[in-house]
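# Observations on the model geometry
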Amino acid sequence: MRIGFIGAGKVGTNLGRYFCSKDFPIVGYYSRNYENAVAASRQTNSRAFTDLKECIEACDWLFITAPDDQIAAVWSEAEPFVSVEQFIFHCSGAKSSLVFATDKGVSCFSLHPLAAFANKEMSLTQLADTAFTLEGTKNVEQVEQALVRLGNLIAVIASEEKVLYHAACVFASNLVVGLSATAEELFVASGLPNEFAKKAWRQLFSQNIQNLLIMSPSDALTGPVERNDLSTVSDHLAALPPESVEIYRELTKKLLQIAAEKHPERDYRPMERKLDQ
Ligand SMILES: NC(=O)c1ccc[n+]([C@@H]2O[C@H](COP(=O)([O-])OP(=O)(O)OC[C@H]3O[C@@H](n4cnc5c(N)ncnc54)[C@H](OP(=O)(O)O)[C@@H]3O)[C@@H](O)[C@H]2O)c1
């Protein structure tokens, strides 16, 4: 199975490097900017193509690793050169394989790595720890079997569930970035020096993540909500600026649900009422 990529960006380059490290044969890259295709091909012992058709015809599995909004446009350029026995992939979390509109009977998939690819040099160890979801219209089992050799955690997901699934990924990653930035701003607002504000939360954050990696959210939960410290939560609500108070309120409702299940003997109703005010 020969693999080719259209789009030598972060995901295309990292996936190619990873597949290559696992002895999956990489044919090469076609990209909008040829020099990016050259850079990715050098890292994967493969070719940089100047001709889209040539790239497509050289592979069995074709990955379109362009930004989500470009996938359909790239596909409309590529589709005339694709043949029925080829497998076509994109790597979007939110979009399904149905973005590949075709009446050729080609097998189309989305293979989403649950990782934040900030650059093209992600370590192979990180890639080995990355889970994937696979979705497709046909031959899904065949692809799943072929990917077993990678050794990564892989699950199959239904096309219609992709958006909800991707929202879950956003909760576990991007929204955490938003929460960390909010914490930093609130440290500054509470009069602490910028340098302190940038660093102080890191240990707290890291301890929490370490706990969450080995425990359930229920076991990892600490703080005023779990302790049922109503006055502390009320004071927070009163002190927070309007742009943070709604985030705090909604997430605290979630914590309250976890706390109530963890400690059925505690009466959290006054806190619940406070949060609903
Ligand atoms: N980054 C992440 O953390 C992450 C995680 C999981 C999944 N994904 C998914 O992976 C896919 C790619 O994301 P990315 O982060 O790798 O984006 P990226 O770094 O911006 O790379 C996109 C690549 O697509 C190429 N491209 C754009 N339009 C093209 C066209 N018309 N023809 C040929 N190539 C074209 C660009 O080419 P040039 O560079 O040559 O201009 C670029 O190399 C997206 O579907 C995204 O949702 C991303």
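No experiment lies behind these values; they were computed from the predicted model shown.

Each value, and the rule that gives it
Residues numbered from 1 in each chain as written. Predicted model: local features only at pLDDT ≥ 70, side-chain atom pairs only at ≥ 80, totals over all residues. Heavy atoms only, no water. Helix = DSSP H or I, 4+ residues; strand = E, 2+ residues; numbered from the N terminus. Rg over C-alpha atoms; globule rule 2.2 N^0.38 Å. Buried < 20%, exposed > 50% of the residue type's maximum accessible area, 1.4 Å probe, protein only. Contact = heavy atoms within 4.5 Å. UniProt positions renumbered as here; feature names shortened; annotations may be inferred. Patch = residues over 30% accessible without salt bridge, like charges linked within 9 Å, V, L, I, M, F, W, Y side chains within 5 Å. Areas by Shrake-Rupley, 256 points an atom, 1.4 Å probe, with all protein chains shown as cover. Salt bridge = Lys/Arg side-chain N within 4 Å of Asp/Glu carboxyl O. Pairing = 2+ DSSP bridges. Near = heavy atom within 4 Å. Polar contact = N/O pair within 3.5 Å; in protein donor to acceptor, adjacent residues only side chain to side chain. Nonpolar A, V, L, I, M, F, W, Y, C, P; charged D, E, K, R; others polar. Axes fitted to C-alpha atoms, helices over the stretch in contact; angles between N-to-C directions. Core = buried A, V, L, I, M, F, W, Y, C linked by side-chain atoms within 4.5 Å.

### Side note on the overall build of the protein chain
Summing up its helical and strand segments, the protein chain has 14 helices and eight strands in all. The C-alpha radius of gyration of the protein chain comes to 23 Å, more than 25% above the 19 Å expected for a compact globule of 277 residues. Once the C-alpha set of the protein chain is aligned to its principal axes, its extents read approximately 70 × 40 × 30 Å. Looking at the 277 residues of the protein chain, the share that counts as buried comes to 39%. For the protein chain, restricting intrachain contacts to residue pairs at least 6 apart in sequence, the fraction spanning at least 24 positions comes to 56%.

### Here we look at the UniProt feature "domain: Pyrroline-5-carboxylate reductase catalytic N-terminal" (unreviewed entry) in the protein chain
In the numbering adopted here, UniProt assigns the feature "domain: Pyrroline-5-carboxylate reductase catalytic N-terminal" (unreviewed entry) to residues 2-78. Annotated as residues 2-78, this span is 51% helix and 19% strand, and its ends, taken at the C-alpha atoms, are 17 Å apart.

### Points about a nonpolar patch on the surface
On the surface, F205, I209, L212, L213, I214 and M215 cluster together into a nonpolar patch covering about 560 Å² of accessible area. Turning to its location among the elements, I214 is positioned in helix α9 (residues 194-214). A relative accessible area of 70% places I214 in the exposed class.

### Re the pairing of strand β6 (residues 107-113)
The side chains of a regular strand alternate between both faces of the sheet. Summarising burial for β6: seven of the seven residues are buried, a large majority. What you see with β6 is no split at all: S107, F109, L111 and P113 on one side and C108, S110 and H112 on the other are buried throughout. Taken together, the four bridges between strand β5 (residues 87-90) and β6 define a ladder with parallel strand orientation. Bridging across to β6, H90 finds its partner in S110. Bridge count between β6 and strand β7 (residues 132-136): five bridges; the pairing is antiparallel. Paired with L111 across the strands is L134, a residue of β7.

### Focus: the site of the ligand
Taken together, 23 residues are adjacent to the ligand, and V11, S31, N33, D68 and F117 come closest. Interatomic distance of 2.7 Å between a side-chain N/O atom of S31 and an oxygen atom of the ligand. Here an oxygen atom of the ligand and a backbone polar atom of T65 are 3.4 Å apart. Considered on its own, the ligand offers 900 Å² of accessible surface; in the complex 82% of this is hidden by protein. Elements that contribute at least two residues to the shell around the ligand include exactly α1 (10-21), α4 (68-78) and β6. For the shell around the ligand, the per-class residue count stands at twelve nonpolar, eight polar and three charged.

### Topic: unusual backbone geometry
Positioned with a positive phi, D23 is a non-glycine residue whose angle comes to about 65°. Counting through the fold element by element, D23 comes out in the loop between α1 and β2 (26-30). What makes D23 exposed here is its relative accessible area of 64%. Positive phi, normally seen in glycine, also occurs at N228, with a value near 65°. Residue position: N228 is located in the loop between α11 (224-227) and α12 (230-239). For N228, a relative accessible area of 23% puts it in the partly exposed group.

### Concerning the side chain of T65
For T65, the position within the fold is in the loop between β4 (61-64) and α4. Polar contacts involving the side chain of T65 include one to the main-chain carbonyl oxygen of G7, which spans 2.7 Å. Leave out the neighbours within four places in its chain, and T65 touches F5, I6, G7, V11, G12 and C91.

### Overview of the sheet that holds β5
Judged by pairing direction, the sheet is mixed, and its eight strands sit side by side in the order β3-β2-β1-β4-β5-β6-β7-β8 without closing on themselves. Of all the strands in the sheet, the pair left with one neighbour each is β3 (47-48) and β8 (154-156). The strands that helix α7 (residues 162-172) touches are β6 and β7; relative to β6, the one it contacts most, it runs at about 15°.

### Structural notes on the UniProt feature "domain: DUF2520" (unreviewed entry) in the protein chain
When the UniProt feature table is mapped onto this chain numbering, "domain: DUF2520" (unreviewed entry) sits at residues 131-254. Helix makes up 70% of residues 131-254 and strand makes up 6%, while its end C-alpha atoms are separated by 26 Å.

### Details of the nonpolar core
In terms of nonpolar packing, the biggest core is built from 30 residues, with F19, F63 and L147 touching the most fellow members. With residues up to four places along the chain from it excluded, the contact list for F63 reads I3, G4, F5, I6, L15, F19, F89, C91 and L111. In terms of nonpolar packing, the next biggest core, distinct from the first, is built from 20 residues, I6, L62, W75 and F100 among them.

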